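Structural overview
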Amino acid sequence: MAQQEDVFKKLVSHCKEYGFVFPSSEIYDGLGAVYDYGQNGVELKNNIKKYWWDSMTLLNENVVGIDSAIFMHPTIWKASGHVDAFNDPLIDNKDSKKRYRADVLIEEQIAKLEDKINKEIEKAAKRFGDAFDEKQFRETNSRVLENQAKINELHARFAKALNDNDLADLRQIILDYEIVCPVSGTRNWTDVRQFNLMFATEMGSTADGAMKVYLRPETAQGIFVNFLNVQKSGRMKIPFGIAQIGKAFRNEIVARQFIFRMREFEQMEMQFFVRPGEELDWFAKWKEMRLKWHKALELGDAKYRYHDHEKLAHYANAATDIEFEMPFGFKEVEGIHSRTDFDLSSHEKFSGKKIHYFDPEQNQSYIPYVVETSIGVDRMFLSIMAGSYCEETLEGGDTRVVLKLPAALAPVKLAILPLVKKDGLPEKALEIMETLKFNFNCRYDEKDTVGKRYRRQDAIGTPYCVTVDYDSLNDNCVTIRYRDTMEQERVPIAELGNIISDKVSMKNLLKKIAES
Ligand code: GAP
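Throughout what follows, the structure given in this document is the object of discussion. (Residues numbered from 1 in each chain as written. Predicted model: local features only at pLDDT ≥ 70, side-chain atom pairs only at ≥ 80, totals over all residues. Heavy atoms only, no water.)

**Topic: the sheet that holds strand 16 (residues 369–376)**
The seven strands are arranged 3-9-10-16-13-12-11 in an open sheet whose pairing can be described as mixed. The open sheet has two free edges, formed respectively by strand 3 (63–65) and strand 11 (304–308), since each of these has just one partner strand. Mean inter-strand twist for the sheet, computed between neighbouring axes without regard to direction, equals 25 degrees. Direction of pairing for strand 11 relative to strand 12 (residues 318–326): antiparallel, over a ladder of five bridges. Counted as the bridge partner of Tyr306 is Ile322 from strand 12. Here helix 13 (residues 377–388) sits on the sheet in contact with strand 10 (264–274), strand 12, strand 13 (329–338) and strand 16, set at roughly 50 degrees to strand 16. (Pairing = 2+ DSSP bridges. Helix = DSSP H or I, 4+ residues; strand = E, 2+ residues; numbered from the N terminus. Axes fitted to C-alpha atoms, helices over the stretch in contact; angles between N-to-C directions. Contact = heavy atoms within 4.5 Å.)

Below, the structure is given as structure tokens:
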């Protein structure tokens, strides 16, 4: 675990050092849980968004896109339930004046007990070697059993308090389990209060009677309220989907783990409208399709898993998360929910406008059911960075840091390197750049030794480098060097465009999903 934390720290500093992600407002000491994407980060992020957008709108002829505004009528958030229920339970420590999420403090206590069990198991595994039987040890070791019983008891009480929205008991659990503030080390806690996660601002001048509006906490509501607009103007027939990519804002209290939990982030959401009664079949289809989309990137199938929800929100009749193995454990990257007709019905009620669909095949009108796929761009970015970051020891003892990014997503596809900065080699290299820059993102680099230049490109995940040498001036060939294998091959300059276009093509990535 400590080793994994170490990898995570290195990843965060790598993101900064190589122009992927910077802390926001850094020269003013930063702004909590807000980040900026740098010159390489923005390219990777744009490629992720294109991969998602094309997979939705090109591979599915019945999915179309929209781009709705961040500001929406405030009643929308009443109808969606966000005004009343989009809350986190908060508690303050009176000595440190630090604020925490009460549920997170309790979850961390459970994790501590789990750690104790894991340490016992690790110790025993070392002691008994091959003869170690973990199942038997868990069932018989008194310390493990004692801690497991504590976890079960705490878990049951915690789940009940959350279910009953019993804030007093959440506080009592914190007191009973002697949970201390990590900063002051004391148990001097305030009451637990609900805290709404939406950012609010005002629209219009105060003299005119300003209206309180929210920065949207999800993009999905922009799709729901445009359901009829898209359906009618596009003559869409059910089943069909509406996709959207855009910013969302949440005033997260425990905002940690870099870009995993941010206050300003981006979502890629798709609402798929279906006939009532067919939603669970569509839920199963989208669940499978979305995992294929992730796996086509070849970061390792074992790094993904589903987490089916046992406890469902009142409006959902099925829900699952796609989790990725981050350096800090398996974490949700995407949620897939069967949301029934909750949102459209609620908007019908609050707006007073009929939101029905007339189904010509069934000759009846109904409120469609919805299957939603919702993924955070930033979490996807983090999963790709974490899955691609490698430190390799080379022959001779040197190490190289390489980002083995999927070639179609890499910020730079090809680096063009003249062997030396003279004798017409830079001119030849720039000539290649001039031809290929229309096909994909190329970078020219003539500074330092070729070895150092390769390392710089490895660190930003450039899948191909070509070196222009003296022979190139006569034979019109260059040496192409492959990032992952470091193998080199001599190829004609005239063929470079085709060779690389094929390897970095988004089209081939999409074909892989369609054929899998
Ligand atoms: N419309 C459904 C919805 O918004 P969600 O589970 O709250 O569901 C969906 O969010 C996805 O958005 C998550 O799986 C995650 O990838 C991303 N996400 C949510 N909160 C986030 C945050 N604070 N920072 C970064 N990404 C976030």
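**A few points about the state of the cysteines**
One pass over the full model with this rule turns up zero disulfides. Free of any disulfide, Cys465 has its nearest cysteine sulfur in Cys442, 11 Å distant. (Disulfide = S-S within 2.5 Å.)

**Re the site of the ligand**
Taken together, 18 residues surround the ligand, and among them Glu218, Met262, Glu269, Glu332 and Val333 come closest. The separation between a nitrogen atom of the ligand and a polar side-chain atom of Glu218 is 2.6 Å. Between the ligand and Glu372 there is a distance of 3.0 Å, counted from a nitrogen atom to a side-chain nitrogen or oxygen. For the ligand, whose free accessible area comes to 560 Å², the fraction covered by protein is 91%. The biggest single contributor to the shell around the ligand is strand 13, with four residues. (Near = heavy atom within 4 Å. Polar contact = N/O pair within 3.5 Å; in protein donor to acceptor, adjacent residues only side chain to side chain. Areas by Shrake-Rupley, 256 points an atom, 1.4 Å probe, with all protein chains shown as cover.)

**A closer look at the pattern of salt bridges**
Inspection of every chain in the model, using the stated rule, returns 40 salt bridges. For Lys292, the salt bridge identified is with Glu288, shortest N-O distance 3.8 Å. With Lys292 and Glu288 both in helix 11 (residues 279–295), this residue pair falls four residues apart, about one helical turn. Judged by its relative accessible area of 44%, Glu288 is partly exposed. (Salt bridge = Lys/Arg side-chain N within 4 Å of Asp/Glu carboxyl O. Buried < 20%, exposed > 50% of the residue type's maximum accessible area, 1.4 Å probe, protein only.)

**Describing helix 14 (residues 425–436)**
Look at helix 14: 17 Å from first C-alpha to last across twelve residues, which is about the 16 Å you get at 1.5 Å a residue. The inward-facing, buried residues of helix 14 abut strand 19 (414–418), strand 20 (442–444), strand 21 (464–468), helix 16 (470–475), strand 22 (477–482) and helix 17 (493–504). (Expected span 1.5 Å × (residues − 1).)

**As for the sheet that holds strand 6 (residues 193–196)**
Strands pair in a sheet through their backbones, by hydrogen bonds, and they do so in one of two ways: parallel or antiparallel. Strand order in this open sheet of three strands is 5-4-6, and the pairing throughout is antiparallel. In this open sheet, the two edge strands, each paired with only one partner strand, are strand 5 (99–101) and strand 6. Going across the sheet, the axis of each strand differs from the next one's by a mean of 50 degrees, ignoring polarity. With three bridges joining them, strand 4 (residues 87–92) and strand 5 adopt antiparallel strand pairing. Bridge pairing in strand 5 links Asp92 to Arg99. Sitting on the sheet, helix 5 (residues 102–128) touches strand 4 and strand 5, and the angle it makes with strand 5 is about 70 degrees. The strands touched by helix 8 (residues 167–176) within the sheet are strand 4 and strand 6, with strand 4 carrying the most contacts at an inclination of about 45 degrees.

**Examining the packing of aromatic side chains**
Under the criterion given, the structure shown has 19 aromatic pairs. Judged by centre distance (5.8 Å) and plane angle (80 degrees), the rings of Tyr100 and Trp189 are edge-to-face. Of this pair, Tyr100 sits in strand 5 while Trp189 is found in the loop between helix 8 and strand 6, placing the two residues 89 residues apart along the sequence. Overall, the relative accessible area of 13% leaves Tyr100 in the buried class. Looking at Trp189, the relative accessible area reads 1%, which means it is buried. Within the aromatic cluster, the residues linked to one another by ring pairs are Phe224, Phe227, Phe240 and Phe273. The side chain of Lys285 reaches across the aromatic face of Trp282, ending 4.4 Å from its centre. The positively charged end of Lys287 is found above the aromatic ring belonging to Tyr306, 4.6 Å away from the centroid. (Phe/Tyr/Trp six-rings, centres within 6.5 Å; stacked < 30°, edge-to-face > 60°. Lys NZ or Arg CZ within 6 Å of the ring centre and 35° of its normal.)

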